[in-house]
Amino acid sequence: MLLGLGFILASCNVNSEKMENPLLQKFDTPHGVPPFDLIKVEHYVPAYKEAIMKHDEEIAAIVNNPEIPSFENTIEALDFSGELLRQVDYVFNNLIASLSSEEMQNVAKKTAPLLSKHYDDISLNLGLFKKVKAVYETRKELELTPEQDRLLEVSYKEFERGGANLDEEKQDKLRKINSELSILSLQFSDNVLAETNNYKMLIENEANLAGLPESVIQSAASTAKDAGMEGKWVFSLQKPSMLPFLTYAKNRKLREKLHTAYINLGNNNNKYDNKKILARIAALRVERANLFGFKNHAAFVLDDRMAKNPETVFNFLNKVWDAVLPNAKAEAAELQKLIDKEGGKFKLAHWDWWYYSEKLRKQKYDLDEEMLRPYFEKNNVRDGAFAVATKLYGLKFVERTDIPKYHKDVEVFEVQNPDGSFLGILYMDWFPRESKVSGAWMDAFRKQSEGVDPIVTNNFNYTAPIGDKPALLSVDEVLTTFHEFGHGLHGLLSKCKYQTLSGTSVTRDFVELPSQFMENFALEPEVMKMYAKHYETGETIPNELIKKISNSGLFNKGFTVLEYTSAALLDMYWSTLTDTTERDAAQFEKEIMDKMGMIDEIVVRYRSTYFKHIFSWDYSAGYYSYQWAQVLDADAFSVFKEKGLFDQETAASFRDNVLSRGNTAPAMELYKKFRGTEPQLDAFLERNGLK
Ligand SMILES: [Zn+2]
């Protein structure tokens, strides 16, 4: 009786929930931003289920359309379909990264397999593929616009790469592989998050703080207080906590302890260990590539990238590796000399690098990070990035306090065209929380398409203001701000008809061009004078400091380039395995590092067990992309250096040929339209002291 009644009540609730689920309504907010104040965790699973069903119906309508397949009734209809699902998915994907919880992770565990099945059902829908193929085969007679032609090509290729041309048995296998991969990659990042949050280095003796700047000590004290240990100090494996400790702490033993914990994330043989998970991921990827007739995962992935194949990527990375290795060794030798001179009787180790390079930088250039921070107050840096966009493209940024946001620390800006008309919304989320993924990234709550304005978001993890002391950024963080903002502009300035092609929907090895391009402006003297003002006195950064920054421009480049390139190569080695043996991850990594001639004093930027880019996110066989895009951004920026930083004609050409075009033409074509030629390596090599 009771059970029966309970069931009836429950089903009534489900129905009324469906009616009131804010994720399933048209967002009735300024500019249609998500109504964060109304969305609750329990809304996601029903919303996903409903939106997936709606998308299925839309797909069925395309497949069952009795008319002859045309561009409009098939390709365009596909681009328009799934709008409700995108609405739900964009909100969830953003919030699981920036406002996660166990409940949210449970939602992801429930919906990840549903979504993977749903997209497999579309990409393996034979009736649908037949229609797409029919349109594709008549493309020459269709008189399509270039963007329509591109959409047709991209859509067809996506089906092909999704397995639509495979036989039934292989398709079945593919579904199983994709579903297992989606679960494993989620486990991988959950484990990294758990290991990061579980580790706390507690300091009780004040003497062990020797060398640390006051701001770092305060921040560690406030972390301790939050953890219920007032009067003590806590350092974590989050980079804004760890890196200052490694840079300034005199206590060598504690530096060793902290950095050793970091490089063993996901490698502690406990329940969060990622070794078996990633070995399984690598093996499944080989299996999947084989289904498509490729001998390894990288060959499959790179087939539709700018680089085209693993050989090109290996050639590029090895060229950089060979050029940078001697520089990194020379830097290590110089640091050793400093240790010897100070009477330290030990060999430079990986936990020493930051500490001694900071010391050396002070000696060589009379420059230290803490001298610069007061000029890089977070709001000033943000306004500097805005000012560059204003000078280049005439954009205006107006803060809106009347728009829903998901956390009180988030800022919201309305972005306006030069004539004052509305362009889009930009969310900026600055500070770390336990519920937030580490690092920095850009994403969208809504992508631009004809008649639809973009809503984009920038996420950072900078040390929050303490008391009345504002957030003061490091040089790296200044660059990161400009970087993510550059992605933001790519999303905001998009002028495409179809959402499939718009904004940042370009190939991985092109997507970092707009972001890295913006980094170039951050430390230009002309630009620093616009925004780098002392947070207390308002004084503009003095010429003398600007000169010191530019003099030290190549300092430690051997380290940063080697650290990065080793990770890009590690990714390529994992991605070019040709058999499905599940390897011992630690041993495999060691073999690779030995083969490359990696030096002990530097650890690969991400070790396998916490390399989320390649085992959780979609960057496998693609981590090289940042460096590849550096070749592009260095080459592109050299035009601005030559013609003038804010030369209007050059800026308009970059906006019209690159930023606004999304994926409406192949990347190389877009780039050549802006540059006139293919990109050259010179500017990249010079910038990194490799030439
Ligand atoms: Zn980026």
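Just so it is clear, the model here is predicted, and its values are computed rather than measured. (Residues numbered from 1 in each chain as written. Predicted model: local features only at pLDDT ≥ 70, side-chain atom pairs only at ≥ 80, totals over all residues. Heavy atoms only, no water.)

This brings us to the overall build of the protein. In terms of helices and strands, the protein carries 29 helices and seven strands. Relative to a compact globule of 691 residues, whose C-alpha radius of gyration would be 26 Å, the protein shows 26 Å and is just as compact. With respect to the principal axes defined by its C-alpha atoms, the protein has extents near 85 × 70 × 55 Å. A total of 691 residues make up the protein; the buried ones form 56% of that total. The contacts of the protein with a sequence gap of at least 6 include a subset with a gap of at least 24, amounting to 73%. Approximately 30200 Å² of the protein is accessible, and the part contributed by carbon and sulfur atoms is 52%. Of the side chains in the protein, 85 bear a positive and 102 a negative charge, and the two mean positions are spaced by 3 Å. (Helix = DSSP H or I, 4+ residues; strand = E, 2+ residues; numbered from the N terminus. Rg over C-alpha atoms; globule rule 2.2 N^0.38 Å. Buried < 20%, exposed > 50% of the residue type's maximum accessible area, 1.4 Å probe, protein only. Contact = heavy atoms within 4.5 Å. Areas by Shrake-Rupley, 256 points an atom, 1.4 Å probe, with all protein chains shown as cover. Lys, Arg positive; Asp, Glu negative; His and termini not counted. Charge placed at Lys NZ, Arg CZ, Asp CG, Glu CD.)

A full pass over the atoms with the stated rule returns 55 aromatic pairs. Both rings, one in Phe 71 and one in Tyr 498, keep their centres 6.1 Å apart while their planes meet at 70 degrees; by these two values the pair is edge-to-face. Note that Phe 71 is positioned in helix α3 (residues 71-80) and Tyr 498 in the loop between α18 (475-492) and α19 (508-511), a separation of 427 residues in sequence. Tyr 498 matches Phe 71 in its accessibility class, with the two residues each being buried. (Phe/Tyr/Trp six-rings, centres within 6.5 Å; stacked < 30°, edge-to-face > 60°.)

Assignment of secondary structure puts Asn 267 in the loop between α11 (252-262) and α12 (275-291). By relative accessible area, Asn 267 is classed as buried at 15%. A polar contact of 2.6 Å, which involves the side chain of Asn 267, links it to the side chain of Lys 275. Apart from the residues within four sequence positions on either side, Asn 267 is in contact with Glu 195, Asp 273, Lys 275, Arg 607 and Thr 609. (Polar contact = N/O pair within 3.5 Å; in protein donor to acceptor, adjacent residues only side chain to side chain.)

With that settled, consider helix α27 (residues 648-659). Buried within α27 are the following residues: Thr 650, Ala 651, Phe 654, Asn 657, Val 658 and Leu 659. Buried residues in α27, looked at end-on, bunch into an arc of 155 degrees, giving them a common side. Looking at the packing, one finds that the buried side of α27 touches α17 (378-393), α18, α19, α20 (513-522), α26 (625-643) and α28 (667-675). (Arc of directions from axis to C-beta.)

Right, let's get into the side chain of Gln 516. Tracing the chain through its elements places Gln 516 in helix α20. Overall, Gln 516 belongs to the buried group, its relative accessible area being 5%. Discounting chain neighbours no more than four positions away, the residues touching Gln 516 are His 483, Tyr 626, Ala 629, Gln 630 and Asp 633.

Before going further, it helps to examine the sheet that holds strand β6 (residues 441-446). Pairing is mixed across the open sheet formed by five strands, whose spatial order is β3-β4-β5-β7-β6. A strand with exactly one partner marks an edge of an open sheet, and here the two such strands are β3 (396-399) and β6. If you compare each strand with its neighbour and ignore which way they point, the axes differ by 25 degrees on average. Across four bridges, β3 lies against strand β4 (residues 411-416) in antiparallel orientation. (Pairing = 2+ DSSP bridges. Axes fitted to C-alpha atoms, helices over the stretch in contact; angles between N-to-C directions.)

So, about the coordination of the zinc ion. Taken together, His 483 (NE2), His 487 (NE2) and Glu 512 (OE) make up the full set of protein donors to the zinc ion, lying 2.1 Å away. Donor residues for the zinc ion sit on one chain with the sequence pattern H-x3-H-x24-E. With His 483 in helix α18 and Glu 512 in the loop between α19 and α20, this residue pair connects regions lying 29 residues apart in the sequence. (Donors = N, O, S within 2.8 Å, 3.2 Å for Na, K, Ca; no water.)

Okay, the pattern of salt bridges next. Enumeration according to the criterion identifies 43 salt bridges in this entry. A salt bridge links Glu 58 to Lys 54, with the shortest nitrogen-to-oxygen separation between them at 3.7 Å. Here Lys 54 and Glu 58 lie together in helix α2 (residues 44-63), a separation of four residues that amounts to about one turn. Asp 149 is the partner of Arg 139 in a salt bridge, and the nearest nitrogen-oxygen pair spans 3.1 Å. Here Arg 139, found in the loop between α6 (126-137) and α7 (146-162), pairs with Asp 149, found in helix α7; they are ten residues apart in sequence, far enough to count as distant. Residue classification places Asp 149 among the partly exposed positions, given a relative accessible area of 25%. Bridged by salt links that share partners, the residues Arg 139, Asp 149, Glu 153 and Lys 157 form one connected network. (Salt bridge = Lys/Arg side-chain N within 4 Å of Asp/Glu carboxyl O.)

What follows deals with the packing of α18 against α20. Running from N to C, α18 and α20 point in directions that differ by 135 degrees, and their axes come no closer than 7 Å. Judged by the inter-axis angle, α18 sits oblique to α20. Relative to α20, α18 is oriented so that their crossing is right-handed. Of the residues in α20, those in contact with Val 478, Leu 479, Phe 482, His 483, Phe 485, Gly 486, His 487, Leu 489 and His 490 of α18 are Pro 514, Ser 515, Gln 516, Met 518, Glu 519, Phe 521 and Ala 522. (Parallel < 35°, antiparallel > 145°, perpendicular 65-115°, else oblique. Left-handed = near helix turned anticlockwise from the far one by under 90°.)

Before going further, it helps to spend a moment on the confidence of the model for the protein. Should the pLDDT be low somewhere, the predicted coordinates at that spot are not to be read in detail. In this model, the protein carries an average pLDDT of 94, and 97% of its residues clear a pLDDT of 70 or more. Confidence drops under a pLDDT of 50 for residues 1-15, and excluding neighbours within four residues, the segment shows zero contacts in the predicted structure. (pLDDT = per-residue confidence, 0-100.)

Core analysis: the largest hydrophobic core is formed by 168 residues, its most contacted members being Phe 235 and Phe 521. At 13 residues, helix α14 (residues 310-341) tops the list of elements feeding residues into this core. What Phe 235 contacts, discounting residues up to four positions off in sequence, is Lys 200, Met 201, Ile 203, Leu 209, Leu 212, Val 216, Ala 220, Ser 241, Phe 245 and Leu 258. If you look at the next biggest cluster of nonpolar residues, it comprises 30 residues, including Ile 39, Phe 92, Met 104 and Ile 425. (Core = buried A, V, L, I, M, F, W, Y, C linked by side-chain atoms within 4.5 Å.)

Within the chain, Asn 269 stands out as a residue other than glycine whose phi angle is a positive 50 degrees. Relative to the assigned elements, Asn 269 resides in the loop between α11 and α12. Looking at Asn 269, the relative accessible area reads 65%, which means it is exposed. Of note, Asp 366 is a non-glycine position whose phi angle comes to about 50 degrees, a positive value.

It is at 8 Å that the axes of α17 and α27 come closest, and there the two elements cross at 100 degrees. Considered as vectors, α17 and α27 are oriented roughly perpendicular to each other. Along the contact surface, α17 presents Lys 391, Leu 392 and Tyr 393, while α27 presents Gln 648, Ala 651, Phe 654, Arg 655 and Leu 659.

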